[in-house]
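These are the residues of each chain, in order.
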Amino acid sequence: MRKFILTPLLCLILLPLLAQTGGDYKIFTESAEGYSNLYRGTAPLAYKFTHTGTYYAYSADFMDGIVKYNNKLYSNLKLNLNSHLDELYLFIKHTGRYVVLNKVYVDYFKMGEREFRHIREMKGSKGDMLSPGYYEVLYKKDDLILYKKIRKTYAERINQAVNAETKSKVERLFIASFNYYLVKGENVKSIKRVGEIIKLYPSLRKEIRQLIREKNLDQKADRDHAFKEIIKFVEFTNPTKK
């Protein structure tokens, strides 16, 4: 039987990347070309161990992106989101270095076609809330937004056989979990399944069920698409409903 052991962050084998030398920093500032505010971030922590899965939101590949940082919009960037530490990483192309953008100054950013917002804290009138952090925007229209929160949790699994590469039965891995929130005005609702969306729009129960069948929406295989299509449908059909 395999066993999972969740390990606190402080127990991870993390080592900081090498700091810049004085000479490097001079070259770096001279070539910053107006981006120096972004480049002042700290170096990311390096995961110096073999692991299964990725701590990044989707993949280890840095994507073309933009970020609104300290009330200024920066473009032509290479970005990636560490969903284990909830940190936004910037790859500085002309130096080959990586920095963590100071979350205090980040309002929103895009990686490829995906949009993310920094939520300081959002508490709904009925008790549900969004904890501070980065959230992906799956759908937005007027005052309604469907958010997705991606979390990567570090764990250790004890296998029956010794791994040929690591020479150990212990497998280190990152486990993904996803939470969805529907925000409309001051209302915040945590969404786990289609049935919870239907409860918000009971008069459209029949139409929603029909939409699911017609578009073959699968909330187990692709909740992103299913939730987005349903919310988009009910908003266009009955936009005044909470």
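Everything below is about the structure shown above.
My aim in this report is to walk through the structure given alongside it, one point at a time. (Residues numbered from 1 in each chain as written. Predicted model: local features only at pLDDT ≥ 70, side-chain atom pairs only at ≥ 80, totals over all residues. Heavy atoms only, no water.)

### Some words on the overall build of the protein
Defined as follows: Strands here are runs of E lasting at least two residues and helices are runs of H or I lasting at least four, both read from the DSSP assignment and numbered beginning at the N terminus. Working definition: with a 1.4 Å probe on protein chains only, accessible area under 20% of the residue-type maximum means buried, over 50% means exposed, and in between means partly exposed. Two residues qualify as a contact provided that any one of their heavy atoms is within 4.5 Å of a heavy atom in the partner residue. Accessible surface is estimated by sampling points in the Shrake-Rupley manner with a 1.4 Å probe; for residues, cover comes only from the protein chains shown.
On a plain count of helices and strands, the protein comes out with 5 helices and 15 strands. Put simply, the protein has 242 residues, and 38% of those count as buried. Contacts in the protein between residues at least 24 apart in sequence constitute 61% of all its contacts with a sequence separation of at least 6. Approximately 14100 Å² of the protein is accessible, and the part contributed by carbon and sulfur atoms is 51%.

### Some words on the pattern of salt bridges
Threshold: Throughout this description, the term salt bridge denotes a Lys or Arg side-chain nitrogen within 4 Å of a carboxyl oxygen of Asp or Glu.
Applying the stated rule across the entire model yields 15 salt bridges. When the shortest N-O distance is used, the salt bridge between Arg 120 and Asp 107 registers 3.3 Å. Taken together, the positions of Arg 120 in the loop between strand 9 (114-119) and strand 10 (122-123) and Asp 107 in strand 8 (residues 106-111) put the pair 13 residues apart, joining distant regions of the chain. Classification of Arg 120 as partly exposed rests on a relative accessible area of 42%. Look at Asp 107 and you get partly exposed, because its relative accessible area is 24%. A salt bridge links Arg 157 to Glu 171, with the shortest nitrogen-to-oxygen separation between them at 2.7 Å. Taken as a pair, Arg 157 in strand 13 (residues 144-158) and Glu 171 in strand 14 (residues 170-184) lie far apart in primary sequence, 14 residues in all. Of the two residues examined, Arg 157 and Glu 171, each falls in the buried class. Salt bridges here are not isolated pairs; linked through shared partners, they connect Asp 86, Lys 103 and Lys 149.

### Things to note about the environment of Ala 60
By the element assignment, Ala 60 lies in the loop between strand 3 (45-47) and strand 4 (63-69). For the pair Ala 60 and Leu 81, spaced 21 residues apart in the sequence, the C-alpha separation amounts to 9.0 Å. For Ala 60, the residues in contact, after removing those within four places along its chain, are Thr 54 and Asn 80.

### Describing the nonpolar core
Heads up, the rule is: Think of a nonpolar core as a cluster: buried Ala, Val, Leu, Ile, Met, Phe, Trp, Tyr and Cys residues, connected wherever their side-chain atoms sit within 4.5 Å.
Formed by 21 residues in total, the largest nonpolar core has its most connected members in Tyr 201, Ile 208 and Ile 230. Elements with a minimum of two residues in this core: strand 12 (133-141), strand 13, strand 14, helix 3 (194-200), helix 4 (205-214) and helix 5 (223-237). Looking at this core, the element that brings in the most residues is helix 5, giving 5 residues. When near neighbours in sequence (up to four residues on either side) are disregarded, Ile 230 contacts Val 194, Ile 197, Ile 208, Leu 211, Ile 212 and Leu 217. In terms of nonpolar packing, the next biggest core, distinct from the first, is built from 20 residues, Leu 38, Ala 57, Leu 90 and Phe 109 among them.

### A closer look at the pairing of strand 5 (residues 72-82)
Both faces of the sheet carry side chains from a regular strand, because those side chains alternate between them. Spelled out, the test is: The pairing criterion for strands is at least two bridges between them, as found by DSSP.
Direction of pairing for strand 4 relative to strand 5: antiparallel, over a ladder of 6 bridges. Each residue of the ladder has a partner; that of Asp 64, found in strand 5, is Lys 78. Here 5 bridges tie strand 5 to strand 6 (residues 87-92), and the two strands are oriented antiparallel to one another. Within the sheet, the bridge partner assigned to Leu 81 lies in strand 6 and is Leu 88.

### Quick notes on helix 5
Selection criterion: Multiplying one less than the number of residues by 1.5 Å gives the expected span of a helix.
The terminal C-alpha atoms of helix 5, which comprises 15 residues, lie 21 Å apart, in line with the 21 Å expected from a rise of 1.5 Å per residue. Buried residues of helix 5: Asp 224, Ala 226, Phe 227, Glu 229, Ile 230, Ile 231, Val 234 and Glu 235, and no others. Where helix 5 is buried, its residues meet strand 12, strand 13, strand 14, strand 15 (187-191), helix 3 and helix 4.

### Some details on unusual backbone geometry
With a phi angle near 55 degrees, Asn 70 is a residue other than glycine that sits in the positive phi range. By secondary structure assignment, the location of Asn 70 is in the loop between strand 4 and strand 5. Owing to a relative accessible area of 42%, Asn 70 belongs among the partly exposed residues under this scheme.

### Here's the deal with the packing of aromatic side chains
Stated precisely, the cut-off is as follows: Pairs were defined over the aromatic rings of Phe, Tyr and Trp, the Trp ring being its six-membered one, requiring ring centres within 6.5 Å. Orientation was assigned from the angle between planes: stacked under 30 degrees, edge-to-face over 60, tilted for the rest.
Per the counting criterion, the structure on display carries 18 aromatic pairs. Residues Tyr 55 and Phe 174 carry aromatic rings whose centres are separated by 5.6 Å and whose planes lie at 65 degrees to one another, so their mutual orientation is edge-to-face. Taken together, the residues Tyr 55 in the loop between strand 3 and strand 4 and Phe 174 in strand 14 connect sequence positions 119 residues apart. Residue Tyr 55 is classed as buried on the basis of its relative accessible area, which comes to 13%. Both rings, one in Phe 91 and one in Tyr 98, keep their centres 4.8 Å apart while their planes meet at 40 degrees; by these two values the pair is tilted. For Phe 91, a relative accessible area of 22% puts it in the partly exposed group. Tyr 98 gets classed as partly exposed once you look at its relative accessible area, which sits at 33%. Linked through ring pairs, Tyr 47, Phe 49, Tyr 55, Tyr 56, Phe 62, Tyr 89, Phe 91, Tyr 98, Tyr 154 and Phe 174 together constitute an aromatic cluster.

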